[in-house]
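# Descriptive analysis of the structure
As a plain string of letters, each chain reads:
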Amino acid sequence: QDIPMMANIPNLVYLAPTTKEEYLAMLDWSIEQKEHPVAIRLPGGAMISDGKKVTKDFSKLNRYEVTKKGSKVALIGLGTFYSLAEQAAEDLQNEGIDATVINPYYITGVDEELLENLKKDHDVVVTLEDGILDGGFGEKIARFYGDSDVKVLNFGLKKEFLDRYDVDAVLKENHLTAEQIVDDVLSIL
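Attention in this report is confined to the structure presented alongside it.

Thresholds, definitions, all that
- The written sequence of each chain sets the order in which its residues are numbered from 1.
- With the structure being a predicted model, the display of local features is reserved for residues of pLDDT at least 70 and the display and counting of side-chain atom pairs for 80 or more, all residues being used for whole-chain, interface and lining totals.
- Calculated side-chain values reflect all of the structure's heavy atoms, with hydrogen atoms and water omitted.
- For patch building, the residue pool is restricted to those with more than 30% relative accessible area and no salt bridge; the joining distance is 9 Å between like charges and 5 Å between nonpolar side chains (Val, Leu, Ile, Met, Phe, Trp, Tyr).
- Residue burial considers only the protein chains on display, and all accessible areas are found by Shrake-Rupley using a 1.4 Å probe.
- Any Lys or Arg side-chain nitrogen found within 4 Å of a carboxyl oxygen on Asp or Glu counts as a salt bridge.
- Secondary structure follows DSSP: runs of H or I at least 4 residues long count as helices, runs of E at least 2 residues long count as strands, and numbering of each begins at the N terminus.
- Three exposure classes are used, based on accessible area relative to the maximum for each residue type with a 1.4 Å probe and protein chains only: buried under 20%, partly exposed in between, and exposed over 50%.
- Inter-axis angles, ranging from 0 to 180 degrees, are taken between N-to-C directions of lines fitted to C-alpha atoms, where helices are fitted over the stretch in contact.
- Here roughly perpendicular refers to angles of 65 to 115 degrees, roughly parallel to angles under 35, roughly antiparallel to angles over 145, and oblique to all remaining angles.
- Left-handed describes a crossing whose near helix is turned anticlockwise from the far helix through less than a right angle; right-handed describes the clockwise counterpart.
- By definition in these notes, contact holds between two residues if any of their heavy atoms fall within 4.5 Å.
- Two strands pair if DSSP finds at least two bridges between them.
- Only rings of Phe, Tyr and Trp enter the pairing, Trp through its six-membered ring, and a pair is recorded when the two centres are within 6.5 Å. The plane angle decides the type: under 30 degrees is stacked, over 60 is edge-to-face, the rest tilted.

### Here we look at a nonpolar patch on the surface
- Taken together, the side chains of Leu162, Tyr165 and Val167 present a nonpolar region at the surface, about 280 Å² in accessible area.
- Note on placement: Leu162 falls in the loop between strand S7 (151-157) and helix H6 (167-173).
- Taking relative accessible area as the criterion, Leu162 reaches 36% and is therefore assigned partly exposed.

### Description of the pattern of salt bridges
- If you walk through the whole model with that rule in mind, you get nine salt bridges.
- The residue Asp121 makes a salt bridge to Lys69 at a minimum N-O spacing of 3.2 Å. Taken together, the residues Asp121 in the loop between helix H4 (112-118) and strand S6 (122-132) and Lys69 in the loop between strand S3 (65-68) and strand S4 (72-77) connect sequence positions 52 residues apart.
- Taking the relative accessible area as the measure of exposure, Asp121 reaches 35% and is therefore partly exposed.
- The class of Lys69 is exposed, set by a relative accessible area of 53%.
- With a closest N to O distance of 2.5 Å, Glu173 and Lys158 form a salt bridge. With Glu173 in helix H6 and Lys158 in the loop between S7 and H6, the pair connects residues that are 15 residues apart, well separated along the chain.
- Each of Arg63, Asp111 and Glu113 takes part in a single network of salt bridges with overlapping partners.

### Examining the packing of helix H3 (residues 82-94) against helix H7 (residues 178-188)
- Closest axis-to-axis distance for the H3/H7 pair is 9 Å, and the angle between their directions is 55 degrees. The angle between H3 and H7 places the two elements in the oblique class. The two elements H3 and H7 meet at a crossing, and its hand is right-handed. Taken together, the residues of H7 that come into contact with H3 (itself represented by Leu84, Gln87, Ala88, Asp91 and Leu92) are Ala178, Glu179, Ile181, Val182, Val185 and Leu186.

### Quick word on the sheet that holds S7
- Sheet architecture is open: five strands sit in the order S3-S5-S4-S6-S7, paired in mixed fashion. On the outer flanks of this sheet lie S3 and S7, each paired with one strand and no other. On average, adjacent strands in this sheet sit at an angle of 25 degrees to one another, irrespective of strand direction.
- As paired strands, S3 and strand S5 (residues 100-103) are joined by three bridges and run antiparallel to one another.

### Details of unusual backbone geometry
- Although it is not a glycine, Asn62 sits at a positive phi angle of roughly 60 degrees.
- When you line up the elements, Asn62 lands in the loop between strand S2 (38-40) and S3.
- Look at Asn62 and you get partly exposed, because its relative accessible area is 23%.
- Of note, His175 is a non-glycine position whose phi angle comes to about 60 degrees, a positive value.

### A closer look at the packing of aromatic side chains
- According to the stated counting rule, one finds four aromatic pairs in the structure shown.
- Measuring from ring centre to ring centre gives 6.4 Å for Trp29 and Phe58, while their planes differ by 45 degrees; the resulting arrangement is tilted. Pair noted here: Trp29 is in helix H2 (residues 20-32) and Phe58 is in the loop between S2 and S3, with a separation of 29 residues, a long-range link. Comparing Trp29 with Phe58 shows no difference in burial state: the two are buried.
- Put simply, the rings of Trp29, Phe58 and Tyr105 pair up and form one aromatic cluster.

Right under this line is the structure:
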């Protein structure tokens, strides 16, 4: 529920790291700069460490990063669901589709230039977020493509209160496994 609540506060920069290294780089930038209030979304579970040095300039707001360039399908994996985007891209590769994978970093803003460029050679844009879909990150992307020919699939959680739940069961129930995502993408291509 934090994304719908936080992502629409004016002037706030809300960031979603995918690794420990990204988190520390975001934290350093947020402390050093004085232009914006900054919030950083931490995962509920373990945070992975990939050992990669982060060189991104976070002061260039709302600039997503294409980590794998493909065509036809683009997968935008927010924060902890970036690895799910990578897995879905691998599975799509087995189906003969070389998908683009994107790390958006910014929950609060839309990289209009990047999203506009995807229109040239992509038919489907998929968003993956570890949060409620209603008012969430994916809705911002869907709104951007609203009057275009690009189809958008938003994957996230339905609006409900969860108490003492099985993570794998919740993910499967919300179509948040790589296999389900690939099936849904293939069904609309």
